[in-house]
Amino acid sequence: MNSELAANGVALRTIVYREVRRFTRIWPQTLLPPAITMVLYFVIFGNLIGSRIGEMGGFSYMEYIVPGLIMMSVITNSYGNVVSSFFGSKFQRSIEELMVSPVSPHTILIGFVIGGVLRGLAVGLIVTLLSLFFTKLSVHHIGVTVLVVLMTATIFSLGGFVNAVFARNFDDISIIPTFVLTPLTYLGGVFYSIALLPPFWQTVSLANPILHMVNAFRYGILGVSDIRIGVAIGFMVLATALLYFVCLRLLIGGRGMRQ
């Protein structure tokens, strides 16, 4: 039993190390572009447009959108890291060697997810540091902030894993980010409060899971939110557990080796 745990521990460290090396080795492609994109958001939406909008939720428009932009970077990068990494391993047939080894499916899944979480957090930290050049940030509730960003990165890393398992070519790994994640993110309260919407559209917006994540993180940073924090955190716990179970079943069933 101890030897099995030790072997899985070595495998987990190896997978995580490989995943981290993968995105740090090509940092001009993985870490720099999202940083540049977010700076453009800060300049265009925060400074140019925000100066005309004024306050939102009791804060300057720049302060209000910063938490949402940080979450946007965490979501896209944690998802993108896992979907591209696992599909690349599947495309090169190297994943087959890993799946037929005595390594536990839990270890394989957790290794890829940790890699996605670390890239999401790395980009989120870079965006946070860049935002300090445009506005002041003070954390309202550190516990909520850390919990929400970790769970969000985990959820979208697991989502990226599901996408990679079912993808048959490289075009398939861009469909979900383009046609699902991007619209949900822009409609998820990143740039506005849903209190500005008519009652019907406020209700419809509550069906957007990203809205709950963005607002929970905004509460952790600014102390304001359009939704109940307990509901948002409960949803994220449930989504994490459900997605983990789905990913694990796909691995155990050998779905990850099919293309």
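- An unreviewed UniProt entry lists the chain under the name Transport permease protein, with Pseudomonas benzenivorans given as the organism.
- The annotation that UniProt attaches to the chain under Sequence similarities (unreviewed entry) is "Belongs to the ABC-2 integral membrane protein family."

### With respect to the overall build of the chain
Turning to step 1, where the next piece is worked out: From N to C terminus, the chain includes 11 helices and 2 strands.
Turning to step 2, where the next piece is worked out: Mapped from its N terminus to its C terminus, the chain presents α and β elements in the order α-α-α-β-β-α-α-α-α-α-α-α-α.
Turning to step 3, where the next piece is worked out: Taken against the 2.2 N^0.38 rule, which gives 18 Å for 259 residues, the C-alpha radius of gyration of the chain at 19 Å falls within 12% of a compact globule.
Turning to step 4, where the next piece is worked out: Dimensions of the chain, computed from the C-alpha atoms along their principal axes, are close to 60 × 40 × 35 Å.
Turning to step 5, where the next piece is worked out: Across the 259 residues of the chain, 47% fall into the buried class.
Turning to step 6, where the next piece is worked out: A sequence separation of at least 24 residues applies to 82% of the contacts in the chain between residues at least 6 apart.
Turning to step 7, where the next piece is worked out: In the form shown here, the chain has an accessible surface area of approximately 12600 Å², with 69% of it arising from carbon and sulfur atoms.
Turning to step 8, where the next piece is worked out: Averaged over its 16 positive side-chain charges, the chain has a centre that lies 2 Å from the centre of its 9 negative ones.

### Considerations on the nonpolar core
Turning to step 1, where the next piece is worked out: Among the nonpolar cores identified, the biggest contains 73 residues, and Leu69, Phe161 and Phe191 are the most heavily contacted of them.
Turning to step 2, where the next piece is worked out: With 16 residues, the single largest contributor to this core is helix 4 (residues 61-91).
Turning to step 3, where the next piece is worked out: Residues in contact with Phe161, not counting those within four places in the same chain, are Val82, Phe86, Leu109, Phe112, Cys247 and Leu251.

### Remarks on the UniProt feature "transmembrane region" (unreviewed entry) in the chain
Turning to step 1, where the next piece is worked out: UniProt's entry tags residues 31-53, 65-87, 108-134, 140-166, 178-201 and 227-252 with the feature "transmembrane region" (unreviewed entry), counted in the numbering of this structure.
Turning to step 2, where the next piece is worked out: In this annotation, residues 31-53 is assigned 96% helix and 0% strand; the end-to-end C-alpha distance for the span is 31 Å.
Turning to step 3, where the next piece is worked out: Its end C-alpha atoms 40 Å apart, residues 108-134 is made of 89% helix and 0% strand.

### Examining the UniProt feature "domain: ABC transmembrane type-2" (unreviewed entry) in the chain
Turning to step 1, where the next piece is worked out: If you check UniProt for "domain: ABC transmembrane type-2" (unreviewed entry), the listed places come out as residues 25-254 in our numbering.
Turning to step 2, where the next piece is worked out: Spanning residues 25-254, this segment combines 77% helix with 2% strand, and its end C-alpha atoms are found 30 Å apart.

What counts, and where the lines are drawn
Residues numbered from 1 in each chain as written. Predicted model: local features only at pLDDT ≥ 70, side-chain atom pairs only at ≥ 80, totals over all residues. Heavy atoms only, no water. UniProt positions renumbered as here; feature names shortened; annotations may be inferred. Helix = DSSP H or I, 4+ residues; strand = E, 2+ residues; numbered from the N terminus. Rg over C-alpha atoms; globule rule 2.2 N^0.38 Å. Buried < 20%, exposed > 50% of the residue type's maximum accessible area, 1.4 Å probe, protein only. Contact = heavy atoms within 4.5 Å. Areas by Shrake-Rupley, 256 points an atom, 1.4 Å probe, with all protein chains shown as cover. Lys, Arg positive; Asp, Glu negative; His and termini not counted. Charge placed at Lys NZ, Arg CZ, Asp CG, Glu CD. Core = buried A, V, L, I, M, F, W, Y, C linked by side-chain atoms within 4.5 Å.

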